[in-house]
Amino acid sequence: MSRTRDDTNPPMNFEDTHERSMIRQTAAEIAEQYGPEHWREKEENGEFSTEFWNELGDAGFHGLLVPEEYDGAGMGMQEMGLAMETLCAEGCGMAGTWYLVLTAGMAAVGIRENGTEEQKELYLPDIATGARNFSIGITEPEAGTNTLNVATRAEKDSAEQSSADPAEATASADGDEYVLNGKKAWITFADRADNMILVTRTTPREEVDRGTDGISLFVVDMDDPNIDVSPISKHAMNYSKSCEVFFEDVRVPEENLLGEEDDGWWVLVDMLNPERIGFAAAGTGIGKLASNAAIQYANDREIFGAPIGTHQAVSFPITEAYAKMETAALMREKAAWLYDQGEDCGYETNVAKATAVDAGIEAVKHSMQAFGGWGYATEYDVERWWREINLTRLAPVSQQMAYNHIGQQLGFPKSY
Ligand SMILES: Cc1cc2nc3c(=O)[nH]c(=O)nc-3n(C[C@H](O)[C@H](O)[C@H](O)COP(=O)(O)OP(=O)(O)OC[C@H]3O[C@@H](n4cnc5c(N)ncnc54)[C@H](O)[C@@H]3O)c2cc1C
């Protein structure tokens, strides 16, 4: 159903609460400590930043979305978006979102909203401290953007029947198991994560009426010898690895099912909206970081007897992109507010993600131009921010797919 233009304007509160200003201040302090030089070195060495990960834990950022009874801060996506944008904008670039979005964002809300009591007790306190790192296994080489076509299979198998050793069978006879087979691509942190939230089919697509039926999610322990992980060489963010992951007869107990069997699509949707909000924060955050660096450079660099920033050909494109980033950030706040109220927010998260990324890309592109030839030198970092922001137009939802969703909500025919 298409929406009318006046049905999505909840009252907004622009008050800067004590919590928000604390988050902004803490994020800025962390970003000062883990600024561009840190990430330039980590990128060049292809090294995960354990020290930054631990710092986020000490600051309580891994636990922002974890309820207080599981040792978290009990906050929402508005606060998480603010933390991410500030980290990105104040010096961390994409790492400000990247190190939070999968575990502290997607895994935390997936388990918080859909986990059993046992799953919450097992995973949430460890997520809150940073003791546990999750990867999220959605993408497959053949299915690509069309997640409903995932083919990784989870088939129920009795532990009693499957074990050749009767003693072992008795030991595990109190619960059934699922057997996983399939292949995932681009799974970030799969090389080091303790767990993966894995998207599978428990019923093949040909056997369900609606494509959204038949999908099930599992929490998988990554130390299983039947899981093979192989990093993909990539364009940027080499302070993390994104991997192909192969599952061959991987057995998981049924208590690792997240949500209901065959009904996992809705669990996944719960996790995708925070991811889009996180990438909206990355778009404006990286864009602001590059813009601020370019503004300083444009004041200092004198050519033809005046700072290059006096030329409107240099200043206007960055200013225009900055103004658009400010409006996109407001849309992110609205999307996050709706998410935190438990309201539908698919339209708003897609608008926030798409506009933040468009504006952020413009900002980084024109900032690089302001640096002239030096924009191409690694020591000024803007070329790295350009490589980093390129990801945000391809993932987690591509710009085309975000606009497909928005267009459909406006009343255009469905195009995917
Ligand atoms: C660095 C990196 C990290 C990643 N981390 C993860 C991760 O941790 N977990 C995970 O599950 N995935 C991850 N991904 C995967 C990412 O989400 C996918 O790359 C993305 O979903 C696109 O899938 P694809 O590459 O197969 O593109 P394809 O589906 O092959 O699409 C190719 C192009 O066609 C366009 N297109 C396709 N269909 C349509 C249509 N109907 N209308 C308009 N345009 C269309 C797409 O927008 C895209 O531009 C990561 C990707 C990268 C690059």
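Residues numbered from 1 in each chain as written. Predicted model: local features only at pLDDT ≥ 70, side-chain atom pairs only at ≥ 80, totals over all residues. Heavy atoms only, no water.

1. Considerations on the side chain of Lys120
Now for step 1: With respect to the helices and strands, Lys120 occurs in helix H6 (residues 117-129).
Now for step 2: No salt bridge is formed by the buried Lys120. Its closest oppositely charged neighbour is Glu117, at 4.9 Å.
Now for step 3: Dropping the residues within four chain positions of it, Lys120 is found in contact with Tyr70, Ile111, Arg112, Gly115 and Pro125. (Helix = DSSP H or I, 4+ residues; strand = E, 2+ residues; numbered from the N terminus. Buried < 20%, exposed > 50% of the residue type's maximum accessible area, 1.4 Å probe, protein only. Lys, Arg positive; Asp, Glu negative; His and termini not counted. Salt bridge = Lys/Arg side-chain N within 4 Å of Asp/Glu carboxyl O. Contact = heavy atoms within 4.5 Å.)

2. Structural notes on the packing of aromatic side chains
Now for step 1: As enumerated under the stated definition, the model contains 18 aromatic pairs in all.
Now for step 2: Ring centres of Trp39 and Tyr99 lie 5.5 Å apart, and the angle between their planes is 75°; on these two criteria the pair is classed as edge-to-face. With Trp39 in helix H2 (residues 36-45) and Tyr99 in helix H5 (residues 95-114), this pair connects stretches of sequence that are 60 residues apart. Each member of the pair, Trp39 together with Tyr99, is buried.
Now for step 3: Here the aromatic residues Tyr34, Trp39, Phe48, Phe52, Trp53, Tyr99, Phe189 and Tyr239 are joined through ring pairs into a cluster of three or more.
Now for step 4: We note Arg192 situated over the ring of Phe48; from NZ or CZ to the ring centre the distance is 3.6 Å. (Phe/Tyr/Trp six-rings, centres within 6.5 Å; stacked < 30°, edge-to-face > 60°. Lys NZ or Arg CZ within 6 Å of the ring centre and 35° of its normal.)

3. With respect to the environment of Thr147
Now for step 1: Tracing the backbone through its elements, the reader meets Thr147 in the loop between strand S1 (134-137) and strand S2 (153-157).
Now for step 2: Since its relative accessible area comes to 18%, Thr147 is described here as buried.
Now for step 3: Sequence-wise, Thr147 and Ile215 are 68 residues apart; in three dimensions their C-alpha atoms are separated by 9.9 Å.

4. Remarks on the domain arrangement of the protein
Now for step 1: Domain parsing of the protein yields domain 1 (18-129), domain 2 (134-263) and domain 3 (267-410).
Now for step 2: In this structure, domain 2 and domain 3 have C-alpha centres spaced 33 Å apart.
Now for step 3: Listed per partner, the contact involves 14 residues of domain 2 and 9 residues of domain 3.
Now for step 4: For the pair domain 2 and domain 3, the two sides together bury roughly 940 Å², of which 77% comes from carbon and sulfur.
Now for step 5: Broken down residue by residue, the surface that domain 2 buries against domain 3 is led by Leu217, His235 and Met237, which jointly contribute 40%.
Now for step 6: Where domain 2 touches domain 3, the interface holds 0 salt bridges.
Now for step 7: Here domain 2 is connected to domain 3 by 3 residue pairs in polar contact (both at pLDDT 80 or more).
Now for step 8: Grouping the amino acids of the side of domain 2 that touches domain 3 by side-chain chemistry returns 9 nonpolar, 4 polar and 1 charged. (Domains from an automatic or database assignment. Buried area = accessible area lost by both parts, 1.4 Å probe. Polar contact = N/O pair within 3.5 Å; in protein donor to acceptor, adjacent residues only side chain to side chain. Nonpolar A, V, L, I, M, F, W, Y, C, P; charged D, E, K, R; others polar.)

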